[in-house]
Amino acid sequence: MAVPLPSEEAKASVGVSVPRREGHDKVTGRARYTDDLEFPDAWRGKTVRSTIPRGKLKSLTLDPAFDWAQVVVVTAADVPGENVVQLIKDDQPALAEREIHHREEPLALIAGPDRDTLEAAARHVRIEYQSLDPVLHLEHATRELARVDIDKGDVDHALQEADTIVEREFRAGHQEQLYIEPQGAIAVPSDDGGITIYGSLQCPYYVHKAVVRALGLPDDRVVVVPAEVGGAFGGKEEYPSLVAIHAALLAVKAKRPVRLVYERHEDIAATTKRHPAVVRHRTGVTKDGTLVAQDIEFVLDGGAYCTLSPVVLSRGAIHAAGPYSCPNVRIRARALATNTPPNGAFRGFGAPQSQFAAELMVEHVAEALGMSSIDLRREWMLRVGDTTATSQQLNESVGTELVLDAALQNAPPVAVPSAPNLRHGRGVSLVYHGSGFTGSGEKYLASTVAIECTAEREFRVLTSQTEMGQGTNTILSQIAANALGVPYETVTVAPQDTSIVPNSGPTVASRTVMVVGALLADAARELRDKLTTERPPMRVDKTYVQPEWIQWDDERYHGDAYPAFAFQCTVADVQVDLDTGEVRVTNLVAALDPGRAIHPVMAEGQVEGGVLQAVGYATLEEMKMEDGGFVNDRLATYIIPTSLDAPKIKTVLVENPYSGGPFGAKGIGEIPMDGPAPAVMAAIHDATGIWLDELPATPEKLLVALST
Amino acid sequence: MIAFKVNGVRVSIDAPGARRLLDVLREELGMTGTKEGCGEGECGACSVLIDGEVVNSCLVAVGQVEECALETVEGLARDGELTAIQQTFIDYGAAQCGICTPGMLMAAHALLQRNPTPSETDVRMAIGGNLCRCTGYTKIIEAILACRTRAS
C-alpha cells in the first residue's frame, strides 16, 4: 500500500470509532495471554503461604518423605538481591524471613514439572509458627501507614456560624478487582544471567525495577514484556511485581523457564483489594442551603503493608469534598495497618470510597433542609473560577452543569411498581476525578515517549502504556495519526517491552490519554515538521515538562492537584423487593464530560464497564473476612454482576475540551467507578425511605433496616 | 485413546479420561483460544460447544466427549473470514480485554444457532453464565442483537 505523505488533509481519526488494533486477534482466539505463551521446557511454580495472620516463622522444613530432587524450593535465604518488593516503602519482603504480618504472606516457592508434583511437594512443607495477636479490624488499628491533611479557610469558625450542621458516618468494605484473567508471570532465564519476564501487568517499568532489585541484577539484564492482559483495573498495577519476582527466583534456581499463574481462589485470597473505608462528615450550611463548611475524616484500612496506600489515601482525600465549592474545608485522612492481606490499587483509587460518602452527604443535608438534592448540587457545584478543597482554581473544562443536565434529560420516567412487594426509586450523584498523577507527581515521573518514522514512511509509537482492554493501542495510534496528519492505518504501536520502549510511566491514574497522549501528540507534530525538511528514518523522543501554571505544595497539600478533572452525573433507578431485601438496579444513565472522546465507542465502553463494577460495589460485592482471611475466595461465593444483574446502561458523552489534553481529551478510566454507588444508595432511600450508609446494600442489611 | 471432533477435525488423545477437557484443548491440542478464568464453572471463559450445547470445559472430563463434536473459538472463522458475530464484536466494541470473548462468542454462537432472532432477554439469559468485567455487557448484548438483524 502506498503510504501518503503527512498532510493536513488526511482523514482525521480522533473522534472516530476506528477498529480496535488487536480486535481481530481477540475474536479469533489468537491473542496470546500469559498462560497461552508456550515455553516447551517450562516448569510450573507455586507459592507456599502463611496460614496465620500474625506471628513469627519458627521453622520451615522439608519433609524427607517427599523426594525433593523432583522440584526446586526457594525461601528468603535464596533471594540474591534485596528481599523487598519495590514500591513506596521497603516494608514488604518478597518472601517472609521471620515476621508474618498477614495470612497470605508468601513463605516459600516451589517449582516442578507438573501440577501434581507441585501439590505433593507443597503438602510436605512443614511450617512452625509462634502466633501473635493480630489486629484484624480497622477499629483496633493504630499503626499509621500514611496521613494527608487538607485545610482551606476556617472550618471551626464557619461551623459556629452555620444554621444547620449535619453529621454522618459512612462505611465501605473490600472490593476485588476480579479481572477474568488471574495474575500470572513467566520468567525465562538467559545464558548471560539475565531474566525476561512475560506477564499480565499494567506497569512494565514497575516490574522491571522490582525484579532488578530483588534479583540483584543490572538494569540491562532484566527485560519485562507484557503479554495480552485479560483485565486489570488497578489489580495489576503493583501486585505483578511480587508475582514476577517469585517467578524469577524460581527460574534462576531451576535454571529453566517457570510459569507462575495463580488459580482463582489464590488470586482472590492473596492479592490486593480496594481499601475498606470509614468516612465521617460534618457539613455546615445556612438556612438557604449555602455550603459553608465541610469537616471530613477519611480512614482507610491499608492491610499489612504500605503498598500504594499513601497515594490511594491522597487521591481519596483530595476528592473527599466532592465537586463542590466550599470556602472552609478540613480533611483529615489516615491509612492504618491491619494484619490482613495488603490492599492496593483499584480503579478510582480511594475516590469511590470518599465520593460515596460525599454524595450521600449531599442527600442528608438536602433532607435536613427539606430541599431537593439536585437543587442543592446546582447551588454548590464547582464552576469555572471556583476553587476545590486544595484551593485549586478551575479555569476551564468544568463540566458539572453539563453532565447534570444531560443525565437528567436522558433519564426515562421512573418505573411503576408491578407487584405490592416491589418499590421503585431513583437516585442521582455528581462526581469528579482528576486525570494524571497528583500534584508534582508527573513532574517527578518525567515520562518519555517516542515516535519513529521508517524509510518507508511507516510510523511507530513507543510508550510503556499497556493495553489491558481499555484501548491504549488504538487510542495512542489515533492521537499520533491525527497529530501527524496521516491515516490511522499507517501508525503501529511498539510492544511495551522494556528493552524496546522508553519509560512513559505506569498505565494508571487516568493518565494514559491526557498525559501520555498529549506528550505523544507533541512528539508527532515535531516529527511531522521534521519530515518537511529531512528524510526518514528518524525518531523523536519527548519528555514531560510540567506546565508552569501547575503549582502544588506537597507539604501543605495545597494547589493544583490535577491539571484537569473529568465529571460524571449518574442517575440510577432501582427496584427493591420488600420481602427479600433484594435490590435490582434496573436502569442507569451516566453522563460524562471526557473533554473530548478520542474513540467514542471505547469511551462508552469505559463508562459502561466502570459503572457496572460500581453497581456491583453498591449491591453485590462483599468480601467476608474471618481470622484475617477472606472466606468467600471463590467465584461461586464472591459475586460480581452477570448479564442478568446488569441494568440497561445509557452513556452520554458531553464533550467539553481541555486545552492541555490531546485534542481536548481528559482521562476517563476511573471516574465511572466513582458515582454509581451513592446514586444507587440514594435510589434505595427513594424507594424505601431507608438510608444505608454502608456499602454494599445486601439483602441482609436491607431486611434488618426494613424491619426496624 | 479418546476420539472426538474439534471444529470438524477428528482427533485422538492419549490421556486419562478424567483429565479436564480445558487442559486437553490448551495443552495437548495447543488450542489456547479457550481460557481458564476460575476452574470451577462460574465464569464461562472456558465455554465450548459439545454437540451444539454450551459447556464449561473446565468441568468436563475428556472421557465424556468420546465421539462428540466440539466447537471452539478457533473454529468460528472459516478460511480467514470472520463470522457475523465475530465482526459485530469488533464493530460494537464488545471485546475489551478479550479474555471472556472466546467463551462469550461460543455462548452467542450457540444461541444464534438455535434462535436466529433472540430478544434482549434471550441474549441476557444466553450469556448469563459468562462473566465480563470490562464492558458492563452493554456492547456485548448490542453486538449479539446486531447479528439477529443481519440474519433476518
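Residues numbered from 1 in each chain as written. Chains lettered and ligands numbered in written order. Predicted model: local features only at pLDDT ≥ 70, side-chain atom pairs only at ≥ 80, totals over all residues.

A.B. asks: Can you walk me through the overall build of chain A in this structure?
C.D. replies: Regarding its fold elements, chain A presents 16 helices and 27 strands. Per-residue burial for chain A yields a buried fraction of 61% across its 708 residues. Considering only contacts in chain A between residues 6 or more positions apart, those separated by 24 or more positions represent 82%. (Helix = DSSP H or I, 4+ residues; strand = E, 2+ residues; numbered from the N terminus. Buried ≥ 20, exposed ≤ 12 C-beta atoms within 10 Å, placed from the backbone. Contact = placed C-beta atoms within 7 Å.)

A.B. asks: I tried to follow the overall build of chain B on my own but got confused; where do I start?
C.D. replies: Helix and strand counts for chain B stand at five helices and five strands. Written out in order from the N terminus, the α and β elements of chain B read β-β-α-β-β-β-α-α-α-α. For 152 residues, the compact-globule estimate of 2.2 N^0.38 gives 15 Å, and chain B sits close to it at 15 Å. C-alpha atoms of chain B, sized along the principal axes, occupy 45 × 30 × 25 Å. Across the 152 residues of chain B, 56% fall into the buried class. Intrachain contacts of chain B at a sequence separation of at least 6 include 59% that bridge at least 24 residues. (Rg over C-alpha atoms; globule rule 2.2 N^0.38 Å.)

A.B. asks: How should I be thinking about the pairing of strand E11 (residues 222–226) of chain A in this particular structure?
C.D. replies: Each regular strand carries side chains that alternate between the two faces of the sheet. Residue and element names in this part refer to chain A. Within E11, five of the five residues are buried, which leaves it mostly tucked inside the rest of the structure. Residue alternation in E11 divides its side chains into two sets, Val222, Val224 and Pro226 and Val223 and Val225, and both sets are buried. Bridging between strand E10 (residues 195–199) and E11 involves five bridges; their strand directions are parallel. When the bridges of E11 are listed, Gly199 appears paired with Pro226. Assessed by its sense of winding, the connection that carries the chain from E10 through helix H4 (residues 204–215) to E11 is right-handed. (Pairing = 2+ DSSP bridges. Right-handed = clockwise from strand over helix to strand, strands pointing away.)

A.B. asks: Would you explain helix H10 (residues 400–410) of chain A in this entry?
C.D. replies: Turn by turn, an α-helix covers 3.6 residues, leaving residues three or four places apart pointing in a common direction. Here H10 of chain A has its buried residues at Thr400, Val403, Leu404, Ala406 and Ala407 of chain A. On its buried face, H10 of chain A sits against helix H9 (373–380), strand E16 (422–434), strand E23 (565–577), strand E24 (583–593) and strand E27 (648–653) of chain A.

A.B. asks: For this particular structure, what's the right way to read the sheet that holds strand E5 (residues 69–71) of chain B?
C.D. replies: The strands making up a sheet are joined through hydrogen bonds of the backbone, oriented either antiparallel or parallel. Residues and elements named next belong to chain B. Spatially, E2-E1-E5-E3-E4 is the arrangement adopted by the five strands of the open sheet, whose pairing is mixed. In the strand order of this sheet, the two ends are held by strand E2 (9–13) and strand E4 (53–56), each with one partner. Recorded for the sheet is a direction-independent mean angle of 35° between the axes of neighbouring strands. (Axes fitted to C-alpha atoms, helices over the stretch in contact; angles between N-to-C directions.)

A.B. asks: Quick question: what am I supposed to make of the environment of Ala591 of chain A here?
C.D. replies: Residue and element names in this part refer to chain A. Considering the arrangement of structural elements, one finds Ala591 in strand E24. Its 28 C-beta neighbours within 10 Å are what place Ala591 among the buried residues. C-alpha separation for the pair Ala591 and Ala407, spaced 184 residues apart in sequence, amounts to 5.0 Å. Setting aside chain neighbours within four positions, we find Ala591 in contact with Val403, Ala406, Ala407, Asn410, Gln568, Cys569, Val652 and Val654.

A.B. asks: Whenever I open this one, the interface of chain A and chain B confuses me. Can you help?
C.D. replies: Interfaces are often sized by the amount of accessible area the parts lose when they come together. Taken together, the contacts link 41 residues of chain A with 38 residues of chain B. The element contributing the most residues to the side of chain A that touches chain B is helix H14 (residues 600–619) of chain A, with eight residues. Taken together, the residues of the side of chain A that touches chain B sort by class into 19 nonpolar, 13 polar and nine charged. (Nonpolar A, V, L, I, M, F, W, Y, C, P; charged D, E, K, R; others polar.)

A.B. asks: Sorry, what's going on with the sheet that holds E27 of chain A here?
C.D. replies: All names here are of chain A. Reading across from one edge, E16-E23-E24-E27 is the order of the four strands in this open sheet, with mixed pairing throughout. On the outer flanks of this sheet lie E16 and E27, each paired with one strand and no other. With direction set aside, neighbouring strand axes in the sheet form an average angle of 15°. Sheet topology places E23 next to E24; ten bridges connect them, and they run antiparallel. Paired with Thr570 across the bridge in E24 is Ala590. In the packing of helix H15 (residues 676–688) onto the sheet, the strands contacted are E16, E23 and E24, and the crossing angle to E16 comes to about 155°.

A.B. asks: What am I meant to see in the confidence of the model for chain A here?
C.D. replies: Interpreting fine coordinate detail is not advised for predicted regions of low pLDDT. Per-chain confidence: chain A averages 97 in pLDDT, with 98% of residues scoring 70 or above. Per-residue pLDDT stays below 50 along residues 1–5 of chain A; that stretch engages in six contacts with residues further than four places along the chain or on separate chains. (pLDDT = per-residue confidence, 0-100.)

A.B. asks: Got a minute to help me understand the environment of Leu620 of chain A in this structure?
C.D. replies: All names here are of chain A. Relative to the helices and strands, Leu620 is located in the loop between H14 and strand E25 (625–626). Classification of Leu620 as partly exposed rests on a count of 18 C-beta atoms within 10 Å. Put simply, Leu620 and Arg511 are 109 residues apart on the chain and 29 Å apart in space, counted from C-alpha to C-alpha. With residues up to four places along the chain from it excluded, the contact list for Leu620 reads Ile639, Ile640, Pro641, Asp645 and Pro696.

A.B. asks: In this structure, what is going on with the packing of H4 of chain A against helix H5 (residues 239–254) of chain A? I would like to understand it.
C.D. replies: In a packed pair of helices, the relevant descriptors are the angle between the two axes and the axis-to-axis distance. Residues and elements named next belong to chain A. Two numbers describe how H4 lies on H5: the axes approach to 9 Å, and their chain directions differ by 40°. Between H4 and H5, the angle is such that the two are oblique. The element H4 and its partner H5 pack so that their crossing is right-handed. Contacts between H4 and H5 involve Tyr206, Val207, Ala210, Val211, Ala214 and Leu215 from the former and Pro240, Ser241, Ala244, Ile245, Ala248 and Val252 from the latter. Along the lines of polarity and charge, the residues of the contact of H4 with H5 split into eleven nonpolar, one polar and no charged. (Parallel < 35°, antiparallel > 145°, perpendicular 65-115°, else oblique. Left-handed = near helix turned anticlockwise from the far one by under 90°.)

A.B. asks: Explanation requested: the packing of helix H2 (residues 84–91) of chain B against helix H3 (residues 101–114) of chain B in the structure shown.
C.D. replies: Residues and elements named next belong to chain B. Put simply, H2 and H3 touch, their axes get as near as 10 Å, and they point 130° apart. When the axis of H2 is compared with that of H3, the two are oblique. For H2 against H3, the interelement crossing comes out right-handed. Along the contact surface, H2 presents Ile85, Gln86 and Phe89, while H3 presents Thr101, Leu105, Ala108, His109 and Leu112. Residues of the contact of H2 with H3, tallied by class, amount to five nonpolar, three polar and no charged.

A.B. asks: Would you mind going over the confidence of the model for chain B with me for this structure?
C.D. replies: Averaged over chain B, the pLDDT score is 96; the fraction of residues at 70 or greater is 97%. The ipTM for the predicted assembly is 0.98, set against a pTM of 0.97.

A.B. asks: Is there a simple way to think about unusual backbone geometry in this case?
C.D. replies: Most peptide bonds take the trans configuration, and most residues that are not glycine carry a negative phi. Residue and element names in this part refer to chain A. Cis geometry is found at the peptide bond from Pro536 to Pro537, where omega equals 10°. On the secondary structure map, Pro537 appears in the loop between helix H13 (512–531) and strand E20 (538–543). Residues Leu695 and Pro696 are joined by a peptide bond in cis, for which omega reads -10°. With respect to the helices, strands and loops of the structure, Pro696 is situated in the loop between H15 and helix H16 (699–706). One non-glycine residue, Phe663, adopts positive backbone phi at about 55°.

A.B. asks: Explain the environment of Val585 of chain A to me, please; I cannot follow it from the model alone.
C.D. replies: All names here are of chain A. Among the secondary structure elements, Val585 is positioned in strand E24. The sequence separation of Val585 and Ile451 amounts to 134 residues, and the corresponding C-alpha distance is 45 Å. If we skip the residues at most four places from it in the chain, Val585 touches Ala572, Val574, Val615, Thr619, Pro647 and Val680.

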